[in-house]
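Now for the letters of each chain:
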Amino acid sequence: MHRVVHRRQLSPNVTLLEVEAARIAQIRRPGQFVIVRLGGNAERIPLTIADAHPAAGTITLVIQAVGKSTRELVALQPGQAIQDIAGPLGHPTEQIDAGHAVCVGGGVGTAVVHPIAQGLHRKGVNVTSIIGGRSREWVIFEPELRALGDVIVCTDDGSYGRKGFVTDALKDLLTTVGADIVYAVGPVPMMRAVANLTRPLQVRTIVSLNPVMVDGTGMCGGCRVSVGAETRFACVDGPEFDGHLVDFDELMDRLGTYREFEQRAAQCADGPCRIGLAAPTAA
Ligand code: NAD
Ligand code: FES
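Residues numbered from 1 in each chain as written. Chains lettered and ligands numbered in written order. Predicted model: local features only at pLDDT ≥ 70, side-chain atom pairs only at ≥ 80, totals over all residues. Heavy atoms only, no water.

Trainee: What's the story with the overall build of the protein in this structure? I'm lost.
Mentor: For the protein, the count of helices and strands is 9 helices and 16 strands. Relative to a compact globule of 283 residues, whose C-alpha radius of gyration would be 19 Å, the protein shows 18 Å and is just as compact. A buried classification covers 50% of the 283 residues belonging to the protein. Within the protein, residue pairs in contact and separated by at least 24 positions form 63% of the contacts whose partners lie at least 6 positions apart. (Helix = DSSP H or I, 4+ residues; strand = E, 2+ residues; numbered from the N terminus. Rg over C-alpha atoms; globule rule 2.2 N^0.38 Å. Buried < 20%, exposed > 50% of the residue type's maximum accessible area, 1.4 Å probe, protein only. Contact = heavy atoms within 4.5 Å.)

So this is what it looks like as C-alpha cells:
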C-alpha cells in the first residue's frame, strides 16, 4: 500500500498527491511514469512522476480529474492509500548536456514538463519554460519552474501573463533567442502545433504522448502510436518521441475511441447507470 502524505489542489481539476513509494523515488529518472491502481478492481491509470523525494521515500503525482477513476484518486486524503504503484516505466527523457532547452507545458502537461526541466537544469542546461492555461487559475508549477530558469506564462484569456497560446510565445522565442531543443507536453493539438513550428526550423522536438494504456508492458497494444514509418508502443518505447515524426491525427482518433464509455463511467459514478453502450469499433 502507498500512503498519501500530502495533497494539494493545483487548479480547479488538477490535484497533486505526494505518495510513499520509496524504491521508485530512489531510481526514477525524468520522463518516466508509473501505473497506479487504487484498489483491487480499479482501472489502471498511467501517471508521469512529476517529482521524487528519495530521502522521504515519496513521489509526486499530478492528476487531472477527468473520469470516474481519476475522480476517485483525487478524492484521497493524507493517510489514505493507493493499493498498487508499478514503475518506474518508460524510457527516461533524452537530455542535452549544454545549450538552451525550451520546455513547453500546456495545462496539466506542465506537471510532466517539470521533471524534464529539473533534469536539464541539474546538467547545467539553460532552461526556458513556456507554460499555459485557459486562465490564471489553470496555470500550475510556475514557482517550481521559476527555480530552474526563465518562465513565460500564457493564458488563453489574458487573465495572467501573456495573452494567447503557448505556441504564440514559442514562435517569438524561436525567432529571437532560438533553441537547441524543444520539449512539449500537453493537449495533442498543442504538441502538434509545436512540432509544426519547429520542423521548418529543424529544432529537435521531443513530445510526451499519452495514448490509452492498459498493461504498460508492451503486451496489449493499447498504447500503439505511429512514429515515422514505425509502429511504437508508448509504454515501452516512449512515452517521449520525436515530435516531427509522430502521427498526431491517428493519436487523436485513438484517444477518442473510448470517450463515450469514459463519459458514461463518469455519469454512472454519480448514480445508477441505465443506458448500455455498444462495444467500440476496433481502432
Ligand atoms: P487545455 O486544453 O486547457 O490547454 C492548455 C494550454 O495548451 C492552453 O492554455 C494553450 O496554451 C495550449 N493549447 C491548447 N490547445 C492548443 C492548440 N490547438 N494550439 C496551441 N496551443 C494549444 O489543457 P488541459 O485541459 O490542462 O490538458 C488536457 C489535455 O492534456 C488532455 O487531453 C490530456 O490527455 C493531455 N495531457 C497530456 C499529457 C502527455 O503526457 N502528453 C499529460 C497530461 C495531460
Ligand atoms: Fe499495453 Fe503499452 S499499455 S502495450
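Trainee: Just checking my understanding: could you explain the site of ligand 1 for this structure?
Mentor: The immediate surroundings of ligand 1 are formed by 21 residues, with Val 108, Arg 134, Asp 156, Ser 208 and Asn 210 found nearest. Within the contact set of ligand 1, an oxygen atom lies 2.6 Å away from a side-chain nitrogen or oxygen of Asp 156. Taking 860 Å² as the accessible area of ligand 1 by itself, protein coverage stands at 77%. The biggest single contributor to the shell around ligand 1 is helix α6 (residues 188-198), with 4 residues. Of the residues contributing to the shell around ligand 1, the split by class is 10 nonpolar, 9 polar and 2 charged. (Near = heavy atom within 4 Å. Polar contact = N/O pair within 3.5 Å; in protein donor to acceptor, adjacent residues only side chain to side chain. Areas by Shrake-Rupley, 256 points an atom, 1.4 Å probe, with all protein chains shown as cover. Nonpolar A, V, L, I, M, F, W, Y, C, P; charged D, E, K, R; others polar.)

Trainee: Sorry if this is basic, but what is going on with the packing of aromatic side chains here?
Mentor: With the rule as written, the count across this model stands at 0 aromatic pairs. In this arrangement the basic side chain of Arg 134 is found over the ring face of Trp 138, its NZ or CZ atom lying 4.2 Å from the centre. Seen from the ring of Tyr 160, Arg 136 lies directly overhead, with NZ or CZ sitting 4.0 Å from the centre. (Phe/Tyr/Trp six-rings, centres within 6.5 Å; stacked < 30°, edge-to-face > 60°. Lys NZ or Arg CZ within 6 Å of the ring centre and 35° of its normal.)

Trainee: Any chance you could explain the pattern of salt bridges here in plain terms?
Mentor: Evaluated as defined, the whole model comprises 13 salt bridges. Among the salt bridges present, the one from Arg 146 reaches Glu 142, with a minimum N-O distance of 2.9 Å. Of this pair, Arg 146 and Glu 142 both sit in helix α4 (residues 142-146), separated by 4 residues, roughly a single helical turn. Residue Glu 142 is classed as buried on the basis of its relative accessible area of 13%. With its nearest N and O atoms 3.6 Å apart, the salt bridge here joins Arg 232 to Glu 230. When its relative accessible area of 25% is taken as the criterion, Arg 232 is described as partly exposed. The class for Glu 230 is partly exposed, based on a relative accessible area of 47%. One network of salt bridges, in which partners are shared, links Glu 94, Arg 204 and Asp 242. (Salt bridge = Lys/Arg side-chain N within 4 Å of Asp/Glu carboxyl O.)

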